[in-house]
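What follows is each chain in one-letter form.
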Amino acid sequence: AETVYAGEYIDLKKVQEKWVKVENDPKYDFFKVKITQSIKSEPQRKIIGFTEFTDTANYGCDKLAADGIKRVFKYSSEDSSKSNKEIIQKNFDAGLDKAKQSDGYDIIIATDAISEGFNLHRAGAVINYDIPYNPTRVIQRVGRINRINKKVFDELFIFNFFPTTTGEVETH
């Protein structure tokens, strides 16, 4: 497939061929460090990693598993089911009766499919792997762990990845 960009033709197959050969990913590496540090220093502080795209959520979840980080749950619109919603509630909703809570997962890697209608306040950290351009969506994401009805942590940690200067220029 070819597309026209700034008056030039770009062969997307060639771009893909180059892309799959890239092995270093400093953004993921930093993400993994933040997760590892958080789990080590405060194991009771669960983490929500938000991304814009299902492919990125799949990538992050697969990479974490390959790096030996267990107890990671992935959720996007393709994972929307009653049983998955129950898993999330049992593992991340502090408002659920303690006897019904579970500790099978410490981390959710999710798209904005989880940014409304879920109580995730057993998590004390949000990592915005992709920052949405709409600030309201950022507030919705943080709102999942900042619940009025049940305070779990005195401090909440929010980490935002912003586009590089090159990324900002390319995406305007």
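What comes next concerns the included structure.

Rules used throughout
- Residues numbered from 1 in each chain as written.
- Predicted model: local features only at pLDDT ≥ 70, side-chain atom pairs only at ≥ 80, totals over all residues.
- Heavy atoms only, no water.
- Helix = DSSP H or I, 4+ residues; strand = E, 2+ residues; numbered from the N terminus.
- Buried < 20%, exposed > 50% of the residue type's maximum accessible area, 1.4 Å probe, protein only.
- Contact = heavy atoms within 4.5 Å.
- Polar contact = N/O pair within 3.5 Å; in protein donor to acceptor, adjacent residues only side chain to side chain.
- Pairing = 2+ DSSP bridges.
- Right-handed = clockwise from strand over helix to strand, strands pointing away.
- 1 Å grid on protein atoms, 1.4 Å probe; cavity = no way out; pocket = protein on both sides within 12 Å on 5 of 7 lines; lining within 4 Å.
- Points joined across faces, edges and corners; volume = space filled by probe spheres on them.
- Nonpolar A, V, L, I, M, F, W, Y, C, P; charged D, E, K, R; others polar.
- Phe/Tyr/Trp six-rings, centres within 6.5 Å; stacked < 30°, edge-to-face > 60°.
- Axes fitted to C-alpha atoms, helices over the stretch in contact; angles between N-to-C directions.
- Expected span 1.5 Å × (residues − 1).
- Arc of directions from axis to C-beta.

## Structural notes on the overall build of the protein
Piece 1. Counting secondary structure elements, the protein contains six helices and seven strands.
Piece 2. What you see in the protein, going N to C, is helices and strands ordered as β-β-α-α-β-α-β-α-β-β-α-β-α.
Piece 3. Overall size of the protein, expressed as C-alpha extent along the three principal axes, is 60 × 35 × 30 Å.
Piece 4. Among the 172 residues that make up the protein, the fraction classed as buried is 37%.
Piece 5. A separation of at least 24 residues holds for 73% of the contacts in the protein among residues at least 6 apart in sequence.

## Side note on helix H5 (residues 135–143)
Piece 1. Inspection of H5 places Val 138, Arg 141, Val 142 and Gly 143 among the buried residues, and these make up the whole buried set.
Piece 2. At its buried positions, H5 is contacted by strand S3 (46–50), strand S6 (123–128) and strand S7 (157–160).
Piece 3. Near the N-terminus of H5, the side chain that reaches the backbone nitrogen of Thr 136, with its oxygen 2.9 Å away, is that of Asn 134.

## A few points about the pairing of S7
Piece 1. As defined by bridge partners, S6 adjoins S7 across four bridges and the pair is classed as parallel. Within S7, the position partnered with Ile 127 by the bridge is Phe 159.
Piece 2. Following the backbone out of S6, through H5 and into the adjacent parallel S7, one traces a crossover that is right-handed.

## Some points on the layout of surface pockets
Piece 1. Put simply, the second largest pocket is a space of about 170 Å³.
Piece 2. Around the second largest pocket sit Gln 44, Lys 46, Ala 94, Lys 98, Gln 101, Asp 103, Arg 122, Lys 150, Val 152 and Phe 153, which together line it.
Piece 3. Its residues assigned to classes, the lining of the second largest pocket comprises three nonpolar, two polar and five charged.

## Focus on the packing of aromatic side chains
Piece 1. Across all of its chains, the model carries six aromatic pairs by this definition.
Piece 2. Taken together, a centroid distance of 5.0 Å and an interplanar angle of 70 degrees make the contact between Phe 73 and Tyr 105 edge-to-face. With Phe 73 in strand S4 (residues 72–75) and Tyr 105 in the loop between helix H4 (82–92) and strand S5 (107–110), this residue pair connects regions lying 32 residues apart in the sequence.
Piece 3. Residue class for Tyr 105 comes out partly exposed when judged on its relative accessible area of 25%.
Piece 4. With a centroid separation of 5.6 Å and an interplanar angle of 65 degrees, the aromatic rings of Tyr 75 and Phe 118 are classed as edge-to-face.

## Concerning the sheet that holds S7
Picture the strands of a sheet paired through backbone hydrogen bonds; they go either parallel or antiparallel.
Piece 1. Spatially, the five strands line up as an open sheet ordered S4-S5-S3-S6-S7, and their pairing is parallel. Taken across any chain shown, the strands that pair with only one partner, and hence form the sheet edges, are S4 and S7. For this sheet, the mean angle separating the axes of adjacent strands, direction not counted, is 15 degrees.
Piece 2. Of the strands in this sheet, S4 and S5 touch helix H3 (residues 54–66), which is tilted by about 170 degrees from S4.
Piece 3. Running at roughly 135 degrees to S4, H4 makes contact with S3, S4, S5 and S6 of the sheet.

## Concerning unusual backbone geometry
Leave glycine aside and you will find that most residues have negative phi; peptide bonds, for their part, are mostly trans.
Piece 1. Backbone geometry at Arg 71 places phi at a positive 65 degrees, although glycine is not the residue there.
Piece 2. Mapped onto the elements, Arg 71 comes out in the loop between H3 and S4.

## Let's talk about helix H2 (residues 26–41)
Piece 1. Taking 1.5 Å per residue, 16 residues should reach 22 Å; H2 reaches 22 Å between its end C-alpha atoms and fits that length.
Piece 2. Listed as buried for H2 are Tyr 28, Phe 31, Ile 35 and Ser 38. Each buried residue of H2 sits inside an arc of 95 degrees when the element is viewed along its axis, so together they form one side. Pointing more than 90 degrees away from the buried face of H2 are the exposed residues Pro 26, Lys 40 and Ser 41.

Don't take any of this as a statement about function, it's just geometry.
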